[in-house]
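Report on the structure
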Amino acid sequence: MSIDVVRITEVQAERILSYPEGHFCDLKSIEVRPSRLITAVAAFANADGGELFIGIDEDNYSKSRAWRGFSDQEAANGHIQAFEALFPLCRDFQYSFLSCETKPGLILKLDIQKTRDIRKSTDGTPYVRRGAQNLPVTTRDGLRQLEYVKGLASFETEPVDAPADLVTNSIPIIEFMMAVIPTAEPGPWLSKQLLLRDGRPTVAGILLFAEEPQALLPKRCGIKVYRYQTKDKEGSRATLAFDPVTIEGHLYSQITQAVNVTTKIIEDTGRLGEERVESVFYPPETVHEIITNALLHRDYSIADDIHIRIFDNRVEVQSPGRLPAHVTPENILDERFARNGTIVRLINKFPNAPNKDVGEGLNTAFAAMHRMGLKEPVVQNLESAVLILIKHEPLASPEVIILEHLETHDTIRNKEARDICHIQADYVVKEIFKKLSDRQLIERVPGTRTGGTAYQKGAKYADWKREPDKIT
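1. A closer look at the sheet that holds strand E18 (residues 412-413)
Spatially, 3 strands are ordered E18-E20-E19 in an open sheet, and the strand pairing comes out antiparallel. What marks the edges here is a single partner per strand, and that holds for E18 and strand E19 (442-444). Two elements, E19 and strand E20 (residues 454-457), share 3 bridges in a ladder whose sense is antiparallel. Along E20, the bridge assignment pairs Arg-444 with Tyr-455. Across the sheet, helix H14 (residues 398-408) touches E18, E19 and E20, and the angle it forms with E20 is around 75°. Packing of helix H16 (residues 426-438) onto the sheet brings it into contact with E18, E19 and E20, and relative to E19 it is tilted by some 110°.

2. With respect to the side chain of Thr-39
Topologically, Thr-39 is positioned in helix H2 (residues 34-46). Assessed through its relative accessible area of 14%, Thr-39 is described here as buried. A polar contact is formed between the side chain of Thr-39 and the side chain of Ser-121, at a distance of 2.7 Å. Setting aside anything within four residues of it in sequence, one finds Thr-39 in contact with Ser-121, Tyr-127 and Asn-134.

3. Let's talk about empty space enclosed by the protein
What the rule picks out here adds up to 1 cavity of 30 Å³ or more. In this structure, the largest cavity encloses a volume near 40 Å³. Taken together, Tyr-148, Ala-153, Ser-154, Phe-155, Glu-156, Asp-299, Tyr-300, Arg-339 and Asn-340 form the lining of the largest cavity. For the lining of the largest cavity, a count of residues per class yields 4 nonpolar, 2 polar and 3 charged.

4. Comments concerning the pairing of E20
Of the pairings in the sheet, the one linking E18 to E20 comprises 2 bridges and is antiparallel in character. Looking at the pairing, Ile-412 lines up with Tyr-455 of E20.

Rules of the game
- Residues numbered from 1 in each chain as written.
- Predicted model: local features only at pLDDT ≥ 70, side-chain atom pairs only at ≥ 80, totals over all residues.
- Heavy atoms only, no water.
- Pairing = 2+ DSSP bridges.
- Helix = DSSP H or I, 4+ residues; strand = E, 2+ residues; numbered from the N terminus.
- Contact = heavy atoms within 4.5 Å.
- Axes fitted to C-alpha atoms, helices over the stretch in contact; angles between N-to-C directions.
- Buried < 20%, exposed > 50% of the residue type's maximum accessible area, 1.4 Å probe, protein only.
- Polar contact = N/O pair within 3.5 Å; in protein donor to acceptor, adjacent residues only side chain to side chain.
- 1 Å grid on protein atoms, 1.4 Å probe; cavity = no way out; pocket = protein on both sides within 12 Å on 5 of 7 lines; lining within 4 Å.
- Points joined across faces, edges and corners; volume = space filled by probe spheres on them.
- Nonpolar A, V, L, I, M, F, W, Y, C, P; charged D, E, K, R; others polar.

The structure is reproduced here in C-alpha cells:
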C-alpha cells in the first residue's frame, strides 16, 4: 500500500501540535498500543469522523506537546498493518505521512469518515466518539440505537401494540384512498405496503394514517413552536411571547399546520417587541422544506418533540436524532439517505405532496436563501438531535467570503472561490482576485500558475482583519 508523504511548513506543524483533543481530533505517541488506536478509529467512524495523528508526545504534567514521528515509513508498518486489517484504505479511511523540515520524523495521519456501517475494535466491541472519549456500546438498547443512527435499522418498521382499525378505518386513510387509489381497500393496501405486521400497525402506518398518532406514540411525534422576543443565543420564559403552540395529528396534516403556524408568527414579528422589531422575511420555500425535512427524517425512536423556535433574527428547527448513516453537516446537500424510507416514499403519494422533489428539499431551501441575499442555513449535529439555523443575516460580499476563507485555509484557488461564493464564471473570480491583489490583501502563491494558480494572505491582510469595513 502506497501512502503519500505530505510536506508541511513549521507554522502548519505548530498548528497541529496545538489542536485540542475532542470529538473530531485525537493525538497519540508512536508507542501507543495499536489496539487503542483501532478503538479510536472505530469510534470516529461510528460517530462523525475525525483526524488521528500518531507521533506526538504529550507531557502529562505540563500538557506540552512535542513532534516525534516515525524514523521512516517502514517504522510505521506495524500500525499500518493493524489498521489495514480492519480499516482498509478506501473512501472512508485515508492515510498520509506528514513531514516538516524542522521536526523529527514522520507523523502518521488518519482521516476517518463517518461510515455507513458499524465498525468494531479488536475486542469485537463497537465504540462511539463523544467529546474526547471513546465510549463502548455494550447494551442491546445502545447497539439498537447505533443501528438506527447508521440506518441499518429503522424504527418506522416496528409494530405498535394497537388495533389495526386505527389505520384501516381512519379518516386520514379514507381521504387518502379516495384521492389516490379509489379502487383499493385500505386493509389489503396497507398490508401490501408493509404498514401492517402480524395484524398490528407499524410506526410508519400510525404516523401516516392514524387520526391521533400522539396518543399511540407519546412524546415521539409532536411539534412545539415557540416565539422568543430576543436575539439572544437562547430564549427564556421572560422573552417567550406566548405559550408554545403544540401541533399534533398525522404527518401530512402536521407539515401543513407547522408551516402555516411558523409562517404566520414570522409575518407577525414586526409587531412584536418592547418598542419596535424590524420586519423579518424568509423565503417560504426555505421554511417549508426545512420543516418538512425535520418531520420526514427525524428519529422516531427518540422520545422528544420537534422544536421550532422563532427569534427576532433567526428561526431554529430542532429534530430528534443525529444525521443518519454517512450524512454529515458538510455533505448533507450532496448525499442522500432516508432514515424513514417508507414514510418518505408514501407521503410523496399524497395530493400536493410536501416533498415533491424527493431528495432535493434542503438544496431548494439553501438556494432560496441565497436568492434573497441571505446567508445559507447552518446545520449542526447535536448530541441527540439535528439543529438547523435559518439566520436573517445578509450574505457577505465575495471579497469578504474569500478573505474569511483564508482565515482557516492556507490558500484558495479559482474553483474553490466559485464554489463558496456561488459564482459560475471563472472570469468574475479572476477580477475579484485582481482587486484583492491590487490592495495587497492576497498574493499569488509562488510557483503556481495558469489553472493551478493559488492565492494566500497578502501583506495587508492583517490590516483588513483590524478594520474589515475598509475593504470597500
